[in-house]
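Residue-level structural notes
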Amino acid sequence: MRTLTLGILTAVAFSCLFLCGCNNSENTEFREFSEQDRLNSLEIESADTSQTAKPETTSDSPIEVEVAASSAEEESSSPDSEPIIVPMSTTPEVAEQGSSSEKPASDETAIAKVVPANAEVMSPASTSTDEPMTPLEPKLLIPEKTFQKEGPQQALRVSFDDIDLLKVLNMEPVPENAPEMFPDWLKNLEGKQVLIRGFMYPTLSKSGITYFQHVRDNEICCFGRTPKIYDRISTILQADKPTNYIQGRPYDVLGTLRMDPIYEDGEWLQLYLLEDAVVLDK
């Protein structure tokens, strides 16, 4: 009986403790939480956490960051695709570090990357052509040649290319016995009336000229280049038909062509001669 009474008293005591509450909270209201309430509570905590964890940003200097795929399904659909790069802003400290790590190379370093250290650089001195040219072996390059007749005298139209021994006989330099190797068509021009167009080599006189050098091109006249022996023709005009100096422009000369070689002391002085000539400056 005593044991039953003791058990009843103990149960009553526990009941009182349960009803009065066992904490110090001032809120004495009790309610049951549902599963929806728990989810809402998690969403609120997640939003608060994202706002407080967001770093301060500035727009001083952009950087590039990788953005992962939004879902596992996108990652599995394109496993080989490259990560998406989007511009973001960063703090000044990060921007300064990035700029220092990407400092461009100096000019000397850039040149060293373009030009190998062992590359041969050509200097103005290396372009000199002072060394003598290796003599070519003479050979006939133009075995046949015909000429057109022009004007009332039916003179043969000849050009400096036709009497160019480098083009005709591959001669460079011109040896002393060059006339002996002339092809027949070139030898046959001896004593023929010819018309040949060229320029006047500078003379001592400006008028009353009866003798001059008729040359291939204007470069010889104006820039001081020494003409090859086959680039000039000694010209003797008719006594009663002198000419004035003609500067910088071409003209025709009509005359009798002669093969009149003059070779002295290892040097060519004359190869071709036009005599009884007239300048046709029209």
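Before any of the text, the structure's been laid out above.
Keep in mind that what you see is a predicted model, and the values were worked out from it rather than measured. (Residues numbered from 1 in each chain as written. Predicted model: local features only at pLDDT ≥ 70, side-chain atom pairs only at ≥ 80, totals over all residues. Heavy atoms only, no water.)

Residues M133, L136 and L166 make up a contiguous nonpolar surface patch of about 250 Å² in total accessible area. In this structure L136 comes out as partly exposed when scored by relative accessible area, which is 32%. (Patch = residues over 30% accessible without salt bridge, like charges linked within 9 Å, V, L, I, M, F, W, Y side chains within 5 Å. Areas by Shrake-Rupley, 256 points an atom, 1.4 Å probe, with all protein chains shown as cover. Salt bridge = Lys/Arg side-chain N within 4 Å of Asp/Glu carboxyl O. Buried < 20%, exposed > 50% of the residue type's maximum accessible area, 1.4 Å probe, protein only.)

What follows covers the pairing of strand β7 (residues 232–237). One face of the sheet, then the other: side chains in a regular strand alternate in exactly this way. Most of β7 sits inside the fold, with five of its six residues counted as buried. Pairing between strand β6 (residues 211–215) and β7: five bridges, direction antiparallel. Bridge pairing links H214 to I233 in β7. Here β7 pairs with strand β9 (residues 267–280) via three bridges, running parallel. Its bridge partner lying in β9, L237 is registered against A277. (Helix = DSSP H or I, 4+ residues; strand = E, 2+ residues; numbered from the N terminus. Pairing = 2+ DSSP bridges.)

Moving on: the pattern of salt bridges. With the rule as written, the count across this model stands at twelve salt bridges. Between D161 and K167 there is a salt bridge, with the nearest N and O atoms lying 2.9 Å from each other. Between R216 and D231 there is a salt bridge, with the nearest N and O atoms lying 2.8 Å from each other. Of the two residues, R216 sits in the loop between β6 and α8 (218–223) while D231 sits in the loop between α8 and β7, which places them 15 residues apart along the sequence. No difference in accessibility class separates R216 from D231, as the two residues are buried. Taken together, the shared-partner salt bridges connect D161, D164, K167, R216 and D231 into one network.

Across soluble globular proteins, nonpolar side chains have a tendency to be buried as a group. I163, L165, V174, F182, L186, F212 and Y272 are the most contacted members of the largest nonpolar core, which has 35 residues in total. At the level of secondary structure, the elements contributing two or more residues to this core comprise β4 (155–158), α6 (165–169), α7 (184–187), β5 (193–200), β7, β8 (251–264) and β9. The element best represented in this core is β9, accounting for six residues. The contact partners of I163, leaving out residues within four places of it in the chain, are V158, L186, I196, Y230, I233 and Y272. (Core = buried A, V, L, I, M, F, W, Y, C linked by side-chain atoms within 4.5 Å. Contact = heavy atoms within 4.5 Å.)

Next up on the list: the environment of N244. Relative to the helices and strands, N244 is located in the loop between β7 and β8. On the basis of relative accessible area, N244 is assigned to the partly exposed category, the value being 46%. In this structure the C-alpha to C-alpha distance between N244 and T210, which are 34 residues apart in sequence, comes to 9.0 Å.

What follows is about the packing of aromatic side chains. Per the counting criterion, the structure on display carries three aromatic pairs. Ring centres 6.4 Å apart and planes at 65° place the aromatic pair F212 and Y251 in the edge-to-face group. In this pair, F212 sits in strand β6 while Y251 sits in strand β8, placing the two residues 39 residues apart along the sequence. As far as burial versus exposure is concerned, F212 and Y251 are alike and both buried. (Phe/Tyr/Trp six-rings, centres within 6.5 Å; stacked < 30°, edge-to-face > 60°.)

Here the focus is the pairing of β9. As paired strands, β8 and β9 are joined by ten bridges and run antiparallel to one another. Its bridge partner lying in β9, Y263 is registered against W268. Counting the residues between successive antiparallel strands, the hairpin from β8 to β9 contains two residues, one of them, D265, with a positive phi of roughly 50°.

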